[in-house]
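So the chains spell out like this:
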Amino acid sequence: MMSSQVLTYIEQFDISLQEYMAHRREESSGVDNLFYSMNYSLFSGGKRFRPLLCYAVGEALGAAPDFITPFAMAVECIHTYSLIHDDLPCMDNDDVRRGQPTNHKRFSEDIALLAGDALLTEAPLILARAYGERSGILIESLCHAAGASGMIRGQVLDLGHGDRVDSLESLIHLHEQKTGQLMAACFVGPALILQKPHKELAELGFLLGLAFQVKDDVLDSHQEDNQSFVAFLGLEGAENYLQSLTEKIHRALKEFDMDTPFLKELIEYNLNRKL
Ligand code: GRG
């Protein structure tokens, strides 16, 4: 359960994203189906964990929410594209996401592929239009996190096309890439926007990404998956690992003088979430 303050952040974010997408649909007329498909996945009940993280980090560093919104939208567009593509027949071939038909089931495979492509491309467009002379460094940081040196690298490792994942250490590395890089970008982006030091902040994102993935594996422990934290550590071991990662993140937040109620709520939300 999230606090009313956090729920208000989600509501405001959704309004901004809806307005932005309506504007983009006007800019690009005649392809309504593409926009239905993009909007279907953008507004189908995602937790908005990454945008909330951007706002919470921004708040801790002294940024007004409006200043963070475009960056949060760019991150959510990349996250949403990754889910659409991850569900495609050539990837996980999933029929259901968030309790509803996956994008390619609801629309078609070609439109789902293109909606994912369009959402990925939307991210640097949003940043370039919103952040003026800061946009170059933001685009560099976010694309580094999302691409061949980050999230996609993690996906390639996960699919078995890269180095073998045969130890806890290599599993941790995989998820630092696949989930942690985008979370790290949520810490680094607001610091870049405010021109504040960011090097150590990325480490917090990697830790949180790892905790997020361990929680996912605990929630999915009924599913057979020999590449999960539950497979490597057992259910109790994975739960203990999640607890120790969570405590480590709280300690690190304190160390960086960022142990705000908003950030602490998000860390606890991950620990206790049911989906
Ligand atoms: C580009 C094909 C492709 C893959 C990139 C991130 C990723 C790799 C694939 C997405 C699938 C996946 C399970 C990734 C792990 C990260 C993760 C736990 C995603 C789910 O994030 P939530 O729970 O999603 O925040 P909601 O539905 O709340 O938005």
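On a predicted model such as this, the values are computed, not experimentally measured, just so you know.

## Topic: the nonpolar core
Across soluble globular proteins, nonpolar side chains have a tendency to be buried as a group.
Phase 1: Leu53, Phe71 and Leu142 are the most contacted members of the largest nonpolar core, which totals 87 residues.
Phase 2: Among the elements that make up this core, the one with the highest residue count is helix H9 (residues 168-193) (13 residues).
Phase 3: Look past the residues within four positions of Leu142 in its chain and what remains in contact with it is Phe71, Ala74, Val75, Ile78, Ala123, Leu127, Leu182 and Ala185.

## Regarding the packing of aromatic side chains
Phase 1: Under the criterion given, the structure shown has eight aromatic pairs.
Phase 2: Ring centres of Phe13 and Tyr55 lie 6.4 Å apart, and the angle between their planes is 80°; on these two criteria the pair is classed as edge-to-face. With Phe13 in helix H1 (residues 4-27) and Tyr55 in helix H3 (residues 49-61), this residue pair connects regions lying 42 residues apart in the sequence. This pair shows no difference in class: Phe13 is buried, exactly as Tyr55 is.
Phase 3: Consider the rings of Phe67 and Tyr131, whose centres lie 6.4 Å apart with planes at 70°: the pair is edge-to-face. Of the two residues, Phe67 sits in helix H4 (residues 65-87) while Tyr131 sits in the loop between helix H6 (109-130) and helix H7 (135-146), which places them 64 residues apart along the sequence.
Phase 4: Judged by its relative accessible area of 43%, Phe67 is partly exposed.
Phase 5: Feature note: the residues Tyr9, Phe13, Tyr55 and Phe262 constitute an aromatic cluster, connected by ring pairs.
Phase 6: The aromatic ring of Tyr40 is capped on one face by Arg106, whose charged end is 5.8 Å from the ring centroid.
Phase 7: Over the ring of Phe212 we find Arg273, and its NZ or CZ is 3.9 Å from the ring centre.

## Concerning helix H12 (residues 261-272)
Phase 1: Between its terminal C-alpha atoms H12 stretches 16 Å, which fits the 16 Å expected from 12 residues at 1.5 Å a residue.
Phase 2: For H12, every residue scored as buried is listed here: Phe262, Leu263, Leu266, Ile267, Tyr269, Asn270 and Leu271.
Phase 3: Its buried side turned inward, H12 meets H1, H3, H9, helix H10 (199-219) and helix H11 (229-255).

## Section: the site of the ligand
Phase 1: Surveying the vicinity of the ligand reveals 19 residues, the closest of which are Lys47, Arg50, His79, Arg98 and Asp216.
Phase 2: The side chain of Lys47 places a nitrogen or oxygen atom 2.5 Å from an oxygen atom of the ligand.
Phase 3: In the environment of the ligand, an oxygen atom lies 2.8 Å from a nitrogen or oxygen atom belonging to the side chain of Arg98.
Phase 4: In isolation the ligand exposes 700 Å². Once the protein is present, 90% of that is buried.

## Regarding the pattern of salt bridges
Phase 1: Taken as a whole, this structure holds 12 salt bridges when the rule is applied.
Phase 2: Two residues, Arg129 and Glu27, come together in a salt bridge whose shortest N-O distance is 3.1 Å. Of this pair, Arg129 sits in helix H6 while Glu27 sits in helix H1; the two residues are 102 residues apart in sequence, bridging distant segments of the chain.
Phase 3: For Arg129, a relative accessible area of 49% puts it in the partly exposed group.
Phase 4: Among the salt bridges present, the one from Lys105 reaches Asp95, with a minimum N-O distance of 4.0 Å. In this pair, Lys105 is assigned in helix H5 (residues 103-106) and Asp95 in the loop between H4 and strand S1 (96-97), connecting sequence segments 10 residues apart.
Phase 5: Classification of Asp95 as partly exposed rests on a relative accessible area of 42%.
Phase 6: Three or more residues are tied together by salt bridges with common partners; here these are Arg24, Glu27, Glu122 and Arg129.

## Thoughts on the layout of surface pockets
A probe matching the size of a water molecule, rolled over the atoms, marks out where space remains unfilled.
Phase 1: When its volume is computed, the largest pocket comes out at roughly 1600 Å³.
Phase 2: Forming the walls of the largest pocket are 45 residues, and the residues nearest its centre are Leu83, Asp86, Arg97, Asp216 and Asp220.
Phase 3: Elements with a minimum of two residues in the lining of the largest pocket: H3, H4, S1, helix H8 (151-158), H9 and H10.
Phase 4: Top contributing element to the lining of the largest pocket by residue count: H4, with eight residues.

## Side note on the packing of H7 against H9
Phase 1: It is at 9 Å that the axes of H7 and H9 come closest, and there the two elements cross at 170°. Here H7 is positioned roughly antiparallel relative to H9, judged by the angle of their axes. Residues Ile137, Leu138, Ser141, Leu142 and Ala145 of H7 lie in contact with H9, whose contacting residues are Gln181, Leu182, Ala185, Val188, Gly189, Leu192 and Ile193.
Phase 2: Among the residues forming the contact of H7 with H9, the class breakdown is nine nonpolar, three polar and no charged.

Parameters and conventions
Residues numbered from 1 in each chain as written. Predicted model: local features only at pLDDT ≥ 70, side-chain atom pairs only at ≥ 80, totals over all residues. Heavy atoms only, no water. Core = buried A, V, L, I, M, F, W, Y, C linked by side-chain atoms within 4.5 Å. Buried < 20%, exposed > 50% of the residue type's maximum accessible area, 1.4 Å probe, protein only. Helix = DSSP H or I, 4+ residues; strand = E, 2+ residues; numbered from the N terminus. Contact = heavy atoms within 4.5 Å. Phe/Tyr/Trp six-rings, centres within 6.5 Å; stacked < 30°, edge-to-face > 60°. Lys NZ or Arg CZ within 6 Å of the ring centre and 35° of its normal. Expected span 1.5 Å × (residues − 1). Near = heavy atom within 4 Å. Polar contact = N/O pair within 3.5 Å; in protein donor to acceptor, adjacent residues only side chain to side chain. Areas by Shrake-Rupley, 256 points an atom, 1.4 Å probe, with all protein chains shown as cover. Salt bridge = Lys/Arg side-chain N within 4 Å of Asp/Glu carboxyl O. 1 Å grid on protein atoms, 1.4 Å probe; cavity = no way out; pocket = protein on both sides within 12 Å on 5 of 7 lines; lining within 4 Å. Points joined across faces, edges and corners; volume = space filled by probe spheres on them. Axes fitted to C-alpha atoms, helices over the stretch in contact; angles between N-to-C directions. Parallel < 35°, antiparallel > 145°, perpendicular 65-115°, else oblique. Nonpolar A, V, L, I, M, F, W, Y, C, P; charged D, E, K, R; others polar.

All quantities given are derived from atomic positions and should not be read as evidence of function.
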